[in-house]
Amino acid sequence: MKKNWLLNACLVPVLLLSACGTESSSGEERKQGGVGGTLEFYTSQPDEDVTKLIEGFNKKYPDVEVKAFRSGTEEVVGKVQAEKRAGDVKADVMLVADSVTFEKLKEQDLLLSYKSKEIEHIPDDFVDDDYMYTGTKMMATVLAVNTTTTNVKDPKETWSVLTDKKTKGKAVMPSPLYSGAAAYNVGVMSRQKKLNWNFFDELKKNDMTVVQGNGAALKAVASGQKDYGLVVDYLALRAKKEGSPIELIYPKEGVPVITEPVGIMEGTKNEKTAKAFVDYILSEEGQKLSANLGYAPIRQEIEAPDGLKSMESIQILDSPLSELYKSREEDKERFKRIFGN
């Protein structure tokens, strides 16, 4: 008996240490929710914004290594399609310009259905019916105007300023062959009675310059190379706040609005972490970060940055999503025939 008692006594510290070790490990797992490892994030967001998003996420989940691939929406999607053909899609989470892009991915069974706990705070219109993707912000395309080369005291709040002979050769826009936002804009604007494809024919006649993306279009206006640019509002506002001679005009005919959705790829190798990343982007914390970066957040309880108009105060140009999706490639080809690039 004495020998057994001594044996049990010796085992007690070992058991206690083991129990403590298990509790510590369990507590850490509960804290992180099993979130860790590497996350492949494909996005069309600007590099600076991607960095700050990852930094914010890592404050909550420091054990996750987020590897980001950033390019224009069309190139991001092209990379995924190439990986699909090779039988190995590497992306875990994708965040690109518009819902039309995600409709294509959805049809190809490339997306994982995920109903985030944060969805209850987001308007139903911005959530896919099957929970394959969710909008993350509100981005309108506006007229960015150089205040030193134009008469902004008497601005023409209309898209027709771009087809006026006085502005011949003085405007710039991003290409729908590279930018998802631009592709969405072309699809929507070409289906408006007051604009339609005649608007793009007139832009060509008025020597509209077409550049790769929104950033390049904004740079041309900010530098004074061009007087006007079709640019997403947050980029124009950011440049204005940084001191560029830029003013934003929301044309009276209305503006196209994208929501830069986020979705999880069906073949993700790190599902828990992918879900945590989506939750963070849609969370109050993530949306406040978005607002601080100059975006109009998707969560209505968080105010948009000063200088951006609310969705309630502007006319939004729209078109049925199914129609935009089915005609996207045809729209891009028609645009290419008009502008030759």
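Preceding block: the structure.
Chains are numbered independently. Their residues run from 1 in the order of the written sequence. Confidence filtering applies because this is a predicted model: local features only for residues at pLDDT of at least 70, side-chain atom pairs given and counted only at 80 or more, and all residues used for totals across whole chains, interfaces and linings. Excluded from the side-chain calculation are hydrogens and water; included are all heavy atoms of the structure.

A. Quick look at the packing of aromatic side chains. Aromatic pairs are defined between Phe, Tyr and Trp rings, using the six-membered ring for Trp, whenever the two ring centres lie within 6.5 Å; interplanar angles under 30 degrees are classed as stacked, those over 60 as edge-to-face, and all others as tilted. Going through the model one piece at a time under the given rule, you end up with eleven aromatic pairs. Centre to centre, the rings of phenylalanine 57 and phenylalanine 277 are 4.9 Å apart; their planes meet at 90°, and the pair counts as edge-to-face. Note that phenylalanine 57 is positioned in helix α2 (residues 47–60) and phenylalanine 277 in helix α9 (residues 271–282), a separation of 220 residues in sequence. Relative accessibility thresholds used throughout: buried, under 20% of the residue-type maximum; exposed, over 50%; partly exposed, between the two (1.4 Å probe, protein chains only). Note on phenylalanine 57: relative accessible area 0%, which makes it buried. Between phenylalanine 200 and phenylalanine 335, the ring centres sit 6.3 Å apart and the planes meet at 75°, which makes this aromatic pair edge-to-face. Put simply, DSSP H or I for four residues or longer makes a helix, DSSP E for two residues or longer makes a strand, and each gets a number counted from the N terminus.

B. Spotlight on the packing of helix α4 (residues 99–107) against helix α11 (residues 321–339). Think of each axis as a best-fit line through the C-alpha atoms, taken over the contacting stretch in the case of a helix, with angles from 0 to 180 degrees between the N-to-C directions. Close contact between α4 and α11 brings their axes to 9 Å; oriented N to C, the two are set at 80°. Judged by the inter-axis angle, α4 sits roughly perpendicular to α11. Residues Ser99, Val100, Thr101, Glu103, Lys104 and Glu107 of α4 touch α11, and the partners they reach there are Leu321, Leu324, Tyr325, Arg328 and Glu329. The residue inventory of the contact of α4 with α11, partitioned by class, reads four nonpolar, two polar and five charged. Oblique is the label for any angle not covered by the other classes, which are roughly parallel (under 35 degrees), roughly antiparallel (over 145) and roughly perpendicular (65 to 115). By definition in these notes, contact holds between two residues if any of their heavy atoms fall within 4.5 Å. All amino acids are sorted into three groups, where Ala, Val, Leu, Ile, Met, Phe, Trp, Tyr, Cys and Pro are nonpolar, Asp, Glu, Lys and Arg are charged, and the leftover types, Gly among them, are polar.

C. Representation of α4 in the model. Within α4, seven of the nine residues are buried, which leaves it mostly tucked inside the rest of the structure. Along α4, the residues classified as buried are Ser99, Val100, Thr101, Phe102, Glu103, Leu105 and Lys106. Those residues of α4 that are buried lie in contact with α3 (73–85), β3 (93–95), β4 (111–112), α5 (180–189), β11 (262–265) and α11. Trailing α4 by a residue or two, aspartate 109 shows a phi angle of about 60°, which is positive.

D. Looking closely at the side chain of aspartate 98. Here aspartate 98 lies in the loop between β3 and α4. Within polar-contact distance, the side chain of aspartate 98 engages the side chain of threonine 101 at 2.8 Å. Within the structure, the side chain of aspartate 98 is placed 2.7 Å from the side chain of arginine 328, a separation counted as a polar contact. Sequence-distant contacts of aspartate 98, that is, excluding residues within four places in its chain, are made with Gly180, Tyr184, Ile258, Pro261 and Arg328. Polar contacts, as counted here, are pairs of nitrogen or oxygen atoms within 3.5 Å of one another; within protein the pair requires one atom able to donate a hydrogen and one able to accept it, and residues that are adjacent in sequence qualify only if both atoms are side-chain atoms.

E. Expanded view of unusual backbone geometry. Despite not being glycine, aspartate 109 has its phi angle at roughly 60°, a positive value. By secondary structure assignment, the location of aspartate 109 is in the loop between α4 and β4.

F. Highlighting the pattern of salt bridges. Salt bridge, as used here: a side-chain nitrogen of Lys or Arg that lies within 4 Å of a carboxyl oxygen of Asp or Glu. Enumeration over the complete set of coordinates arrives at 22 salt bridges. A salt bridge links lysine 205 to glutamate 202; the shortest N-O distance between them is 3.6 Å. Linking lysine 205 with glutamate 202, this pair stays in helix α6 (residues 196–205), spanning three residues, or about one helical turn. Several salt bridges converge on common partners, so that one network encompasses Glu74, Asp98, Arg328, Glu329 and Lys332.

G. Structural detail: the sheet that holds β11. Should DSSP find at least two bridges between two strands, the strands are regarded as paired. Pairing is mixed across the open sheet formed by five strands, whose spatial order is β2-β1-β3-β11-β4. What marks the edges here is a single partner per strand, and that holds for β2 (64–70) and β4. Summarising the sheet, β4 and β11 pair through two bridges and their orientation is antiparallel. Of the residues in β11, the one forming a bridge with leucine 112 is isoleucine 264. Sheet strands in contact with α3 are β1 (37–43), β2, β3 and β11, and its direction is about 125° off that of β1.

H. Structural context of α2. Taking 1.5 Å of rise per residue, 14 residues should cover 20 Å, and α2 covers 21 Å from first to last C-alpha, within 8% of that figure. Within the span of α2, buried status applies to Asp49, Val50, Leu53, Ile54, Gly56 and Phe57. Viewed along the axis of α2, the buried residues span an arc of 160°, placing them on a single side of the element. Exposed positions of α2 whose direction lies more than 90 degrees from the buried face are Asp47 and Lys59. The inward-facing, buried residues of α2 abut β1, β2, α8 (233–241), α9 and α10 (284–292). Each helix should span, by expectation, one fewer than its residue count multiplied by 1.5 Å. Each direction from the helix axis to a C-beta atom contributes to the arc, which is the arc of those directions.

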